[in-house]
Structure formats: C-alpha cells, structure tokens
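Architecture at a glance
The chain contents come next:
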Amino acid sequence: GARTDVIVNHEYGFVLVRLGDLDGAAAHFSRMLAEKSTVSQARGHRSMALREMYRGRYAAAIPRLRQAVIINTTNKARVSEYRDRLYLVQAYRAKGMAQPLGGELDAVHRLALDATLAPEWLRRLGKVEPERWLPPLSGEPWGYRRRARLGARFVHSKGRSLVGLRMTLIIT
C-alpha cells in the first residue's frame, strides 16, 4: 500500500479506535513503529500504549510508554517526553504503582520547570523567536489550583491581534 504520513497514521488510527476497530488501529500504529525515524517510532509506541490504555490494559501500555520516553529523551524532544511521562503517570496510577508513579511525577515536574518547554512550542508551531527570554514565573503554592488558557484572535476593525488570558480559579 501507499506510504502515509506518521500523523495521518496516528490520527486515522485513533478514528478506528473510536469506531471500535482496535485491530485496524494497531495496523496503522505498527506502520509508525516500522519507520526509520525515531520520532515516528516514539509516536508509534505512544499510540500503541494509548490503544492499550483505551482497552484498560495499563500493564501492557507501560513498556510502550517507557520506550517512547527513552526515544524522546534521547532526541531531546521535551514536549513529547513530557506528554509520554504524563501518560505513564496515568498508567501507574491506574495500576496502583506508587513508587514509579512518584518518580514519573518528579520527572514531569522537572520538565515543567524547564523553561525550554514553552519556547519549544513557540519555535515549532508559531515559528517565532523573541529577542530575549525572561525567566519563568514561579512562587509558593497558595492552596488553590489555577487553570489558564491563552486566547488569540485578529480583530479586523482594529487591524491588530488581540491576546488574552482566560483563567479559572478553583479554591481547595
């Protein structure tokens, strides 16, 4: 058959998962594992792991996610490593595995503190680079969780872009 892009295999594979065709999804995810590109292989491992988690087979997902983390760490793909570690946290939590769960949470925390996480997204997706980077904001926890979304749109009447922050505070 014709070779398709790794993202197409990933997205189409999850359409098949949603339709209940788990074997068809596995076939598409296997194509990513067969690629020479380690980026594709890491995504293939993650996709296969998510398929297993969808089936409630967290133990089968863990080795796949570990392999994806190793590949992404080697490739210095911090955003993908962060994502895979978060999925590992979910799998460890579902299996009640406290010790590896704590280690993964520590690794996720270290990655989140790494100031290159957000700039990596800006460079990759936005294709922008600022003149200088400011250090990340940090502080002591205040006993509540914070959630924020960044919104952006172009306002034709003003001829410029509008950027804003939408926040929800949940007091605990």
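Observations regarding the overall build of the protein
Scanning the protein from terminus to terminus reveals seven helices and two strands. Ordered by position from N to C terminus, the α and β elements of the protein give α-α-α-α-α-α-α-β-β. Within the protein, buried positions represent 31% of all 172 residues. Residue pairs at least 24 apart in sequence account for 39% of intrachain contacts in the protein once pairs closer than 6 positions are excluded. Carbon and sulfur atoms make up 56% of the accessible area of the protein, which totals about 11900 Å².

Let's talk about a nonpolar patch on the surface
A contiguous nonpolar patch, built from Y12, V15 and L19 and spanning about 310 Å² of accessible area, is present on the exposed surface. Note on placement: Y12 falls in helix α1 (residues 6–18). We classify Y12 as partly exposed; its relative accessible area is 40%.

Some remarks on helix α3 (residues 38–54)
The terminal C-alpha atoms of α3, which comprises 17 residues, lie 24 Å apart, in line with the 24 Å expected from a rise of 1.5 Å per residue. Of all 17 residues in α3, twelve are buried; the element is thus mostly enclosed. Every buried residue of α3 is accounted for by S40, A42, G44, H45, R46, S47, M48, A49, L50, R51, E52 and M53. By the N-cap criterion, in which a side-chain oxygen at the helix start approaches the backbone nitrogen of a residue two or three places on, α3 is capped by S37, the distance to V39 being 3.2 Å. Where α3 terminates, the next one or two residues include G56, which has phi positive at roughly 80°.

Here we look at the side chain of E81
Residue position: E81 is located in helix α5 (residues 78–95). Apart from the residues within four sequence positions on either side, E81 is in contact with V69, N72, T73 and L111.

Considerations on the pattern of salt bridges
With the rule as written, the count across this model stands at eight salt bridges. The residue R51 makes a salt bridge to D23 at a minimum N-O spacing of 3.9 Å. With R51 in helix α3 and D23 in helix α2 (residues 22–34), this pair connects stretches of sequence that are 28 residues apart. Put simply, R85 and E104 hold a salt bridge, and the shortest N to O gap is 2.9 Å. Residue R85 is found in helix α5, and its partner E104 is found in helix α6 (residues 98–113); the two are separated by 19 residues along the sequence. Overall, R85 belongs to the buried group, its relative accessible area being 14%.

Quick word on the packing of α3 against α5
Where α3 contacts α5, the axes come no closer than 11 Å and their chain directions differ by 25°. The orientation of α3 relative to α5 falls into the category roughly parallel. Like other packed secondary-structure pairs, α3 and α5 cross with a definite hand, here left-handed. Contacts between α3 and α5 involve R46, L50 and M53 from the first element and S80, R83, D84, Y87, Q90 and A91 from the second. Class assignment for the residues of the contact of α3 with α5 results in four nonpolar, two polar and three charged.

Let's talk about α5
Along an α-helix, residues three or four positions apart point the same way, because every turn accommodates 3.6 residues. Taking 1.5 Å per residue as the helical rise, α5 with its 18 residues ought to reach 26 Å, and the 25 Å between its terminal C-alpha atoms agrees with that figure. All of the buried residues in α5 are V79, S80, E81, D84, R85, L88, V89, A91 and Y92. At the exit of α5 stands G96, carrying a positive phi of roughly 70°.

Section: the nonpolar core
Counting residues in each nonpolar core, the largest one holds 22 residues, and the members touching the most others are V17, F29, M53 and L88. Listing elements by their share of this core, those giving two or more residues are α1, α2, α3, α4 (58–74), α5 and α6. Here the element with the most residues in this core is α2; it accounts for five residues. If near-sequence neighbours (up to four positions away) are discounted, M53 is found in contact with Y58, A61, L65, Y87, Q90 and A91.

Thresholds applied
Residues numbered from 1 in each chain as written. Predicted model: local features only at pLDDT ≥ 70, side-chain atom pairs only at ≥ 80, totals over all residues. Heavy atoms only, no water. Helix = DSSP H or I, 4+ residues; strand = E, 2+ residues; numbered from the N terminus. Buried < 20%, exposed > 50% of the residue type's maximum accessible area, 1.4 Å probe, protein only. Contact = heavy atoms within 4.5 Å. Areas by Shrake-Rupley, 256 points an atom, 1.4 Å probe, with all protein chains shown as cover. Patch = residues over 30% accessible without salt bridge, like charges linked within 9 Å, V, L, I, M, F, W, Y side chains within 5 Å. Salt bridge = Lys/Arg side-chain N within 4 Å of Asp/Glu carboxyl O. Expected span 1.5 Å × (residues − 1). Polar contact = N/O pair within 3.5 Å; in protein donor to acceptor, adjacent residues only side chain to side chain. Axes fitted to C-alpha atoms, helices over the stretch in contact; angles between N-to-C directions. Parallel < 35°, antiparallel > 145°, perpendicular 65-115°, else oblique. Left-handed = near helix turned anticlockwise from the far one by under 90°. Nonpolar A, V, L, I, M, F, W, Y, C, P; charged D, E, K, R; others polar. Core = buried A, V, L, I, M, F, W, Y, C linked by side-chain atoms within 4.5 Å.

Function cannot be inferred from these measures alone, as they are strictly geometric.
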